Amino acid sequence: MATATSIVRSPAALLFAKVTVSDHKPTPTIQISRFPSKRSCFTALLSSLHHDNNNDDNNNNNNNVISHPKPLSSSQLFNSVSNGSRLRVAYQGVRGAYSEAAAEKAYPNCEAVPCDQFDSAFQAVEKWLVDRAVLPIENSLGGSIHRNYDLLLRHSLHIVGEVKLAVQHCLVANHGVQLEDLSRVLSHPQALAQCENTLTKIGLSREAVDDTALAAKHVALHKLKDTGAVASSSAAKIYGLNILAQNIQDDCDNVTRFLILAREPIIPGIQNPFKTSIVFSLEEGPGVLFKALAVFALRQINLTKIESRPLRNQPLRAADDNNGSKYFDYLFYVDFEASMAEERAQNALRHLKEFATFLRVLGSYPVDTTMM
Ligand SMILES: O=C(O)C(=O)C[C@]1(C(=O)O)C=C[C@@H](O)C=C1
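Residues numbered from 1 in each chain as written. Predicted model: local features only at pLDDT ≥ 70, side-chain atom pairs only at ≥ 80, totals over all residues. Heavy atoms only, no water.

A few words on the overall build of the chain. What the chain contains, in helices and strands, is 10 helices and 20 strands. Burial statistics for the chain: of 372 residues in total, 45% are counted as buried. When the accessible surface of the chain is totalled, it reaches about 18700 Å², and 52% of it is carbon and sulfur. (Helix = DSSP H or I, 4+ residues; strand = E, 2+ residues; numbered from the N terminus. Buried < 20%, exposed > 50% of the residue type's maximum accessible area, 1.4 Å probe, protein only. Areas by Shrake-Rupley, 256 points an atom, 1.4 Å probe, with all protein chains shown as cover.)

Written out as structure tokens, the structure reads:
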């Protein structure tokens with residue numbers, strides 16, 4: 001593969017990003033360095049911008065102007081930013097990944113920007129390299145994407161929408177390669193899990209890579225004869241592979257739900273069906289979770305998802321009875337069917353706050369009704 005590392009300038013945000021340009025795609029992939037000690041142009045520029053922002057704050061203070069984050073209006077939810085340019089939407093993966101299709105479903109005329117990791121997509125929004133990120137959160141067969149639940153809490157972005165995408169996997173290989181030539185298949189762990197039964201029946205060993213399209217790209221670039229990939233038909237087309245089998249997921253109704261993330265929240269509405277996502281933690285004790293969920297049941301608010309994750313900076317708590325035993329401590333992520341503009345949702349959260357040890361609203365956003 002002919003790859004070249006270069007520095008490009010993003011005209012919209014006037015920021016620099018270190019990108020890897022490959023011969024397969026003109027769109028650069030955002031790779032945000034995790035090692036700030038290697039002070040790149042990117043970090044240097046960011047710190048100078050930070051300095052400018054601080055100066056702005058000082059200027060604002062001097063002028064007695066208080067600046068608050070501006071909520072997104074619903075018109076900004078769509079395809080362009082205020083200067084009329086195309087919305088830049090980060091996704092994890094390379095061209096042909098399902099996440100790219102989800103970004104394009106959310107914003108049909110957007111510029112979809114590939115990122116190497118989920119964390120890079122979060123950072124790309126935070127650092128104004130892009131306007132939104134579209135990231136998978138759960139799949140109807142494989143379950144939750146825990147990494148993104150954890151990242152939602154670690155970053156301070158807002159959920160401004162959701163996209164549901166029907167995921168139809170193909171088994172792809174180089175031209176001339178037959179099913180019986182394959183001994184191994186590469187793909188994203190979620191995609192492998194969604195095709196578990198089929199792959200077991202064929203008898204292929206599995207290897208996980210960062211995304212389905214990257215698996216297809218790898219098979220094509222290395223001209224592998226004994227290895228196929230589980231990927232989309234569009235990835236097969238982009239990387240010149242042959243489709244050996246279609247719709248190989250274990251259930252034909254295979255849907256992945258993606259979240260749309262932005263720097264600012266949207267103003268919650270009540271005209272369309274809205275959903276709200278929150279995260280909270282509770283004291284240990286009998287019936288505490290029951291009590292927490294009752295704040296919604298009491299107000300006829302339907303819950304659509306509940307997920308628990310370990311509270312990472314304090315995963316264990318000593319039991320009150322001092323007998324040396326320890327509890328696991330958890331964060332609870334809950335999605336409920338109501339808008340934060342509704343009084344019943346505000347009352348439910350006020351009620352929950354009375355006994356939750358921590359509570360954050362991750363976003364209140366329109367329900368994707370396209371797959372109902
Ligand atoms: O690998 C890809 O193509 C992705 O976009 C990632 C991902 C995921 O993380 O769940 C997205 C949708 C499918 O469920 C399989 C994989």
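Per the domain assignment, the segments of the chain are domain 1 (3-32 + 69-166), domain 2 (170-248) and domain 3 (268-366). The interface of domain 1 with domain 2 comprises 18 residues on the first partner and 15 residues on the second. Each partner contributes to the roughly 1300 Å² buried at the junction of domain 1 and domain 2, and carbon and sulfur atoms together form 55% of this total. There are 8 residue pairs in polar contact (both at pLDDT 80 or more) connecting domain 1 and domain 2. Residue classes in the side of domain 1 that touches domain 2 are distributed as 5 nonpolar, 10 polar and 3 charged. (Domains from an automatic or database assignment. Contact = heavy atoms within 4.5 Å. Buried area = accessible area lost by both parts, 1.4 Å probe. Polar contact = N/O pair within 3.5 Å; in protein donor to acceptor, adjacent residues only side chain to side chain. Nonpolar A, V, L, I, M, F, W, Y, C, P; charged D, E, K, R; others polar.)

Our focus in this paragraph is the side chain of S144. Turning to its location among the elements, S144 is positioned in strand β7 (residues 143-144). The exposure class of S144 is buried, given its relative accessible area of 14%. Residues within four places of S144 in sequence aside, it is in contact with I137, E138, Y149, Q190, K305 and E307.

Of note, S232 is situated in the loop between β12 (227-231) and α8 (233-238). A relative accessible area of 7% places S232 in the buried class. When the C-alpha positions of S232 and V172 are compared, they lie 8.6 Å apart, and in sequence the two are 60 residues distant. Residue contacts for S232: discarding those within four places in its chain leaves G96, Y98, Q168 and C170. There is a polar contact of 2.9 Å between the side chain of S232 and the backbone oxygen of G96.

Before going further, it helps to spend a moment on the nonpolar core. Y107, V134, L152, V172, A216 and L261 are the most contacted members of the largest nonpolar core, which totals 64 residues. Those residues in contact with V172 that sit more than four places away from it in its chain are A216, G228, A229, A231, A236, L241, N242, I243 and L244. Core analysis: the next-biggest nonpolar cluster, separate from the first, contains 19 residues, F332, V334, A348 and A356 among them. (Core = buried A, V, L, I, M, F, W, Y, C linked by side-chain atoms within 4.5 Å.)

So, about helix α3 (residues 118-126). Counting buried positions along α3 yields 8 of 9 residues, so the element is predominantly enclosed. W128 sits one or two positions beyond α3 and adopts a positive phi of about 65 degrees.

Right, let's get into helix α10 (residues 343-353). Among the residues of α10, A345, A348, L349 and L352 are the ones counted as buried. Down the axis of α10, the smallest arc covering the buried residues is 95 degrees, so these residues share one side. Exposed residues lying more than 90 degrees from the buried face of α10 are E343 and R350. (Arc of directions from axis to C-beta.)

Moving on, we get to the pattern of salt bridges. This model, assessed by the stated rule, comprises 13 salt bridges. For the salt bridge of K305 with E138, the shortest nitrogen-to-oxygen distance reads 3.6 Å. On the criterion of sequence distance, the pair formed by K305 in strand β16 (residues 303-310) and E138 in strand β6 (residues 132-139) is long-range, its members being 167 residues apart. Through salt bridges with shared partners, one network takes in E138, E162, K164, R257, K275, K305, E307 and D335. (Salt bridge = Lys/Arg side-chain N within 4 Å of Asp/Glu carboxyl O.)

Time to look at the site of the ligand. Around the ligand there are 13 residues in total, and Y98, S99, Q194, T212 and T256 lie nearest to it. In the model, an oxygen atom of the ligand is placed 2.6 Å from a nitrogen or oxygen of the S99 side chain. Between the ligand and H188, the relevant distance is 3.3 Å, taken from an oxygen atom to a side-chain nitrogen or oxygen of the residue. Listed by contribution, the elements that provide at least two residues to the shell around the ligand are α2 (98-106), β6, α5 (189-194) and β14 (255-262). Among the residues forming the shell around the ligand, the class breakdown is 5 nonpolar, 7 polar and 1 charged. Formed jointly, the shell around the ligand draws a minimum of three residues from each of two domains, domain 1 (3-32 + 69-166) and domain 2 (170-248). (Near = heavy atom within 4 Å.)

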